[in-house]
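# Results of the structural survey
Okay, here's what each chain looks like letter by letter:
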Amino acid sequence: MNKLEVLAPAGDEERLTAALNYGADAVYLGRKQFGMRSSPMNFDFEQLVNAVNSAHKKGVKVYLTCNTLPRNNELPFFEKFVREAVEANVDALIVADIGLLMMIKRFAPDMEIHISTQTGIVNYATARELYDLGAKRIVLARELTLDEIAEIRAKTAPDLDIECFVHGAMCVSFSGRCLLSQYLVNRDANRGECAQPCRWGYHLMEEKRPGEFFPIFEDEKGTYILNAKDMCMIEYIDKLAEAGVTSLKIEGRAKSAYYVTVVTNAYRMAVDEYYKNPYDFKLPDWIRDEVYKVSHRKYCNGFFFGTPEESQYYENSGYIRNYDIVAVVEECRDGEIFCTQRNKFFAGDELEFLAPSRKPVVITPEQLFDENYNEIETANHAMMKFSFKCGEIFPKGTVIRKAAN
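Note that the structure is predicted; figures quoted are calculated from it, not measured.

### Quick look at the overall build of the chain
Looking only at helices and strands, the chain features ten helices and 22 strands. Here the chain holds 405 residues, and 53% of them are scored as buried. Within the chain, contacts between residues at least 6 apart in sequence are counted, and of these 67% link residues at least 24 apart. As presented, the chain carries roughly 19000 Å² of accessible surface, and 48% of it is formed by carbon and sulfur atoms.

Here it is as structure tokens:
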């Protein structure tokens, strides 16, 4: 039976901590150069060393991205990038460019290499050639069906890992190889700077009536003609395993630490449920519901079950947001829970406590106390310390959230 890896995004140290605390088997992260996400803070060398050390203490692997399509003037800096990755003891480098692949083999012959989804791998012939070039893992194009993935698995070396994106934002272009952003606002998506013009609303303007805009309709559903839904495969862990997928990749290095917490935890619990009964997998509703408690677009299954008929969302480009994080548990002792505030809430509000690999617990604190033990009506100051009486015990870092009004 496949050992399924839950692979979580880590855009910065806070997101890394969330992934480590909530059940990731591995994380992927980037540095200031050569990564496909320029908007997160990413990691300098010292932070990378600390990140790897923290992850390895928990038995979690770290994969470092270098999956942009670099230009000539960037290549002289790549040797230092690779040598620092070796020094930091990262577990693998994720690469899309064949030139960079060969440079890694030259500068760090023992480094594990993963081939990025940006490469656009859609068949077993390409997978075989990349394996022969030294790849340990391929991250398949998101446009493949489960049947196509199964055939690639059957016709490639057994020790070649297969990784697939299973959750998060999808791009309207093939494997993320998009030029819209570069053409429209000179921000190159293939160098980590995408402005996401696929999420914008578009209108037509007739040349003889300047300033008079007409909405673009598609089946009278709206104007966001390029806006893809988010992918969600949490209910199909068994199908992914049967197809031979090795690693379940969660998109979201630019998403919040709360997103990383909840989604990583949900897939961790889903995989654990799968192992309990792999031949009759049924995901409990409460685990499935977790992925709806983060900011998300409407969900679909991408291309896994064939060409998607309902993968675009035409009404708007916004997110559905049903819950907000309001605090984080710092300590539980002597019948009290001590917390740090993240968003305003009141005594008497119904709260959910999400601890790693546990069903959420609903608690309604009737009294709140500040750090000087004065009773307060509301926790309304950013990062303020507060407490309340409760006999429940939760680990440090437990997320406290509240349904949005």
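### Considerations on the pairing of strand β21 (residues 385-389)
The pairing of strand β14 (residues 336-341) with β21 spans five bridges and is classified as antiparallel. Its bridge partner lying in β21, C339 is registered against F386. Across two bridges, the pairing between strand β18 (residues 368-370) and β21 is antiparallel. In the sheet register, D370 faces β21, and the bridge partner there is F386.

### Observations regarding unusual backbone geometry
With a phi close to 70 degrees, N89 is a non-glycine residue in the positive phi region. Within the secondary structure, N89 is located in the loop between α3 (78-88) and β4 (92-95). Owing to a relative accessible area of 46%, N89 belongs among the partly exposed residues under this scheme. Positive phi values are uncommon outside glycine, yet S357 reaches one of about 55 degrees. Structurally, S357 is set in the loop between β16 (351-354) and β17 (361-363).

### Some points on helix α9 (residues 257-276)
Side chains of residues three or four places apart in an α-helix project in the same direction, reflecting 3.6 residues per turn. Here α9 is 20 residues long and its end C-alpha atoms lie 29 Å apart, about the 28 Å a rise of 1.5 Å per residue gives. Summarising burial for α9: 16 of the 20 residues are buried, a large majority.

### Remarks on the packing of aromatic side chains
Overall, the coordinates contain eleven aromatic pairs when judged by the stated rule. Judged by centre distance (5.1 Å) and plane angle (75 degrees), the rings of F34 and F78 are edge-to-face. Note that F34 is positioned in the loop between β2 (26-29) and α2 (45-57) and F78 in helix α3, a separation of 44 residues in sequence. The exposure classification of F34 matches that of F78, with both residues buried.

### Points about the pattern of salt bridges
All told, the structure shown has 27 salt bridges when counted by the stated rule. When the shortest N-O distance is used, the salt bridge between R268 and D272 registers 3.3 Å. Within this pair, R268 and its partner D272 are both found in helix α9, separated by four residues, close to a single helical turn. Assessed through its relative accessible area of 9%, R268 is described here as buried.

### Comments concerning the sheet that holds β16
Across the sheet, which stays open at both edges, the eight strands sit in the order β17-β16-β22-β13-β14-β21-β18-β19 with antiparallel pairing between neighbours. Strand pairing shows two members of the sheet lacking a second neighbour, β17 and β19 (375-376), which therefore form its edges. For β16 and strand β22 (residues 399-403), the ladder comprises three bridges, and the chain directions are antiparallel. Bridge pairing in β22 places L354 opposite V399.

### Things to note about the packing of helix α1 (residues 13-21) against α9
Two quantities define a packed helix pair, namely the angle between the axes and the distance from one axis to the other. Packing of α1 against α9 leaves a shortest axis separation of 8 Å and a crossing angle of 15 degrees. The angle between α1 and α9 places the two elements in the roughly parallel class. In terms of crossing hand, the pair formed by α1 and α9 is right-handed. Contact with α1, carried on its side by E14, R15, A18 and A19, involves A257, V260, T261 and T264 of α9 and no other residues of that element. Grouping the constituent residues of the contact of α1 with α9 by class yields four nonpolar, two polar and two charged.

### Quick look at helix α6 (residues 146-154)
Among all positions in α6, only L146, I149, I152 and R153 are buried. Looking down the long axis of α6, one finds its buried residues gathered within 120 degrees of arc, a one-sided arrangement. Seen from the open side of α6, the exposed residues pointing more than 90 degrees away from its buried face are D147 and A154. Packing partners of the buried residues in α6 comprise α5 (124-132), β6 (137-139), β7 (161-168) and α8 (237-242).

### Notes on the side chain of D370
With respect to the helices, strands and loops of the structure, D370 is situated in strand β18. Buried charge D370 goes without a salt bridge, the closest partner of opposite sign being K389 at 12 Å. At 2.9 Å, the side chain of D370 and the backbone nitrogen of N372 are in polar contact. From its side chain, D370 meets the backbone nitrogen of N374 in a polar contact 2.8 Å long. Not counting chain neighbours up to four residues away, the residues in contact with D370 comprise I376, K385 and F386.

How each quantity is defined
- Residues numbered from 1 in each chain as written.
- Predicted model: local features only at pLDDT ≥ 70, side-chain atom pairs only at ≥ 80, totals over all residues.
- Heavy atoms only, no water.
- Helix = DSSP H or I, 4+ residues; strand = E, 2+ residues; numbered from the N terminus.
- Buried < 20%, exposed > 50% of the residue type's maximum accessible area, 1.4 Å probe, protein only.
- Contact = heavy atoms within 4.5 Å.
- Areas by Shrake-Rupley, 256 points an atom, 1.4 Å probe, with all protein chains shown as cover.
- Pairing = 2+ DSSP bridges.
- Expected span 1.5 Å × (residues − 1).
- Phe/Tyr/Trp six-rings, centres within 6.5 Å; stacked < 30°, edge-to-face > 60°.
- Salt bridge = Lys/Arg side-chain N within 4 Å of Asp/Glu carboxyl O.
- Axes fitted to C-alpha atoms, helices over the stretch in contact; angles between N-to-C directions.
- Parallel < 35°, antiparallel > 145°, perpendicular 65-115°, else oblique.
- Left-handed = near helix turned anticlockwise from the far one by under 90°.
- Nonpolar A, V, L, I, M, F, W, Y, C, P; charged D, E, K, R; others polar.
- Arc of directions from axis to C-beta.
- Lys, Arg positive; Asp, Glu negative; His and termini not counted.
- Polar contact = N/O pair within 3.5 Å; in protein donor to acceptor, adjacent residues only side chain to side chain.

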